[in-house]
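# Breakdown of the fold
Here's the letter readout for the chains.
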Amino acid sequence: MASIQKLGLIAGNGKFPFLVLDAARAQGYEVVVAAIKEETFPEISSHGAASVHWVSLGELSKLIDIFRAEGVTRAVMAGQVKHKQIFSAIKPDWRLAKLLLSLATRNTDSLLGAVAELLADEGIMLENSTALLEPLLAKTGVLTKRAPSAQERKNIEYGRAVGRRLAEYDIGQTVVIAGAACVAVEAMEGTDATIERAGLLMRSLSLESESVLAGEASTLSRALTVVKVAKPGQDLRFDVPVIGMKTIETMARAGASCLAVDAGRCLLLDGEAMTRAADEAWIAVCAE
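Residues numbered from 1 in each chain as written. Predicted model: local features only at pLDDT ≥ 70, side-chain atom pairs only at ≥ 80, totals over all residues. Heavy atoms only, no water.

### What to know about the state of the cysteines
Scanning the model with the defined rule gives zero disulfides in all. Residue cysteine 182 stays outside any disulfide, its sulfur separated by 15 Å from that of cysteine 258, the closest cysteine. Cysteine cysteine 286 shares no disulfide, and the gap to the nearest cysteine sulfur, in cysteine 258, comes to 5.1 Å. A relative accessible area of 1% means that cysteine 286 is categorised as buried. (Disulfide = S-S within 2.5 Å. Buried < 20%, exposed > 50% of the residue type's maximum accessible area, 1.4 Å probe, protein only.)

### Let's talk about the pattern of salt bridges
If you walk through the whole model with that rule in mind, you get 17 salt bridges. For glutamate 122, the salt bridge goes to arginine 68, with nearest N and O atoms at 2.2 Å. Placement of glutamate 122 in the loop between α4 (108-121) and β5 (125-126) and of arginine 68 in helix α2 (residues 60-70) is noted, with a sequence separation of 54 residues between them. A salt bridge links arginine 95 to glutamate 122, with the nearest nitrogen and oxygen atoms 3.3 Å apart. A residue pair is termed long-range when its members are at least 10 positions apart, and arginine 95 in helix α3 (residues 94-102) and glutamate 122 in the loop between α4 and β5 qualify at 27 residues. (Salt bridge = Lys/Arg side-chain N within 4 Å of Asp/Glu carboxyl O. Helix = DSSP H or I, 4+ residues; strand = E, 2+ residues; numbered from the N terminus.)

### Quick notes on the sheet that holds strand β2 (residues 30-36)
Ordered in space as β3-β2-β1-β4-β5, the five strands form an open sheet in which the pairing is parallel. Every other strand in the sheet has two partners, leaving β3 (51-55) and β5 as the edge strands with one partner each. Bridge analysis of strand β1 (residues 6-11) against β2 gives six bridges, and the strand direction is parallel. Looking at β2, one finds that alanine 11 is bridged to alanine 35. Helix-sheet contacts for α2 involve β1, β2, β3 and β4 (74-78), and the interaxial angle to β3 is about 165°. (Pairing = 2+ DSSP bridges. Contact = heavy atoms within 4.5 Å. Axes fitted to C-alpha atoms, helices over the stretch in contact; angles between N-to-C directions.)

### Let's talk about the sheet that holds strand β11 (residues 256-261)
Here we have six strands laid out as an open sheet, ordered β6-β13-β11-β9-β7-β8, and mixed in their pairing. The open sheet has two edge strands with one neighbour each: β6 (141-142) and β8 (181-185). In terms of strand pairing, strand β9 (residues 224-228) meets β11 through five bridges, oriented parallel. Among the inter-strand pairings, valine 226 is bridged to a residue of β11, identified as leucine 259. Relative to β11, helix α7 (residues 245-254) is tilted by about 145°, and along the sheet it contacts β9, β11 and β13 (284-287).

### Considering the environment of cysteine 266
The topology assignment puts cysteine 266 in the loop between β11 and β12 (267-268). Sequence spacing of cysteine 266 and valine 229 is 37 residues, and the spatial spacing of their C-alpha atoms is 8.0 Å. The contact partners of cysteine 266, leaving out residues within four places of it in the chain, are Leu136, Leu137, Ala138, Pro241, Val242, Ile243 and Val261.

### Observations concerning the packing of aromatic side chains
Counting across every chain of the model gives one aromatic pair. Taking the centre distance of 6.4 Å and the plane angle of 40° together, the rings of phenylalanine 18 and phenylalanine 41 count as tilted. With phenylalanine 18 in helix α1 (residues 16-26) and phenylalanine 41 in the loop between β2 and β3, this residue pair connects regions lying 23 residues apart in the sequence. A relative accessible area of 37% places phenylalanine 41 in the partly exposed class. (Phe/Tyr/Trp six-rings, centres within 6.5 Å; stacked < 30°, edge-to-face > 60°.)

### A closer look at the side chain of lysine 228
Within the secondary structure, lysine 228 is located in strand β9. In this structure lysine 228 is buried but unpaired, with glutamate 186 as the nearest side chain of opposite charge at 4.4 Å. At a separation of 3.4 Å, a polar atom in the side chain of lysine 228 contacts the side chain of threonine 174. Polar contacts involving the side chain of lysine 228 include one to the side chain of threonine 191, which spans 2.6 Å. Setting aside its immediate chain neighbours within four residues, lysine 228 contacts Gln173, Thr174, Glu186, Thr191, Pro241, Val242, Ile243, Ala260, Val261 and Asp262. (Lys, Arg positive; Asp, Glu negative; His and termini not counted. Polar contact = N/O pair within 3.5 Å; in protein donor to acceptor, adjacent residues only side chain to side chain.)

Structure representation (structure tokens):
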């Protein structure tokens with residue numbers, strides 16, 4: 001009789017962990033969830049996992065002990081853990097404190113890469129989190145009824161050039177462009193906050209323009225184009241680019257009219273619902 005395969009799931013926030021859990025169960029895995037108290041949605045406790053254990057961000061030793069006790073030797077990370085949390089009030093245990101002190105830089109790649117190496121040393125191999133969700137990866141082409149306009153195409157081209165350099169240094173993966181000018185770049189605040197900040201900036205510029213040049217139109221388009229790129233050599237075990245309904249809703253509020261992502265390297269979490277929402281907001285979405 002074949003033994004049941006166990007898979008550990010280190011769950012962050014958002015819908016991503018739920019999709020991974022569903023896909024893993026559908027493929028016959030018994031899923032052991034390590035849910036992060038500061039991030040994971042509480043509904044994970046009743047979503048069909050074999051067991052759910054709650055750990056704080058600082059409790060790396062507890063995470064390892066849980067997986068060892070459960071017989072987990074393979075695991076995936078899914079869901080966002082906000083990078084700024086490492087500067088929050090979390091109390092790292094001795095393992096995490098030692099790891100943090102060993103890092104020359106504390107960007108996402110170095111931090112999570114070090115965690116992956118430590119887990120491997122403990123007999124727990126982190127695997128590609130998208131392997132279970134390949135149908136959700138963005139496919140090449142225009143994904144909405146409306147294709148990007150000529151100006152939006154220029155914004156995308158420029159945004160990709162800026163985004164590639166930004167991602168190269170592991171600073172962020174999202175840039176917001178208007179009129180072929182960079183309005184905002186992502187750092188620790190995350191994609192949605194970056195889009196919101198760009199929208200606030202453009203609204204403030206519009207108000208200034210109205211007060212100074214009443215009735216006179218700006219020579220530059222104020223419509224925002226959001227470009228989200230994968231890092232060069234993106235490690236798909238963690239920090240996978242993800243967009244969903246919340247992205248589209250944030251864009252609509254911010255006055256963004258176009259979204260471009262990397263085909264085959266970005267997960268579309270809400271599928272058809274996201275596309276419908278984009279169509280309703282007359283937002284063009286494309287993957288290249």
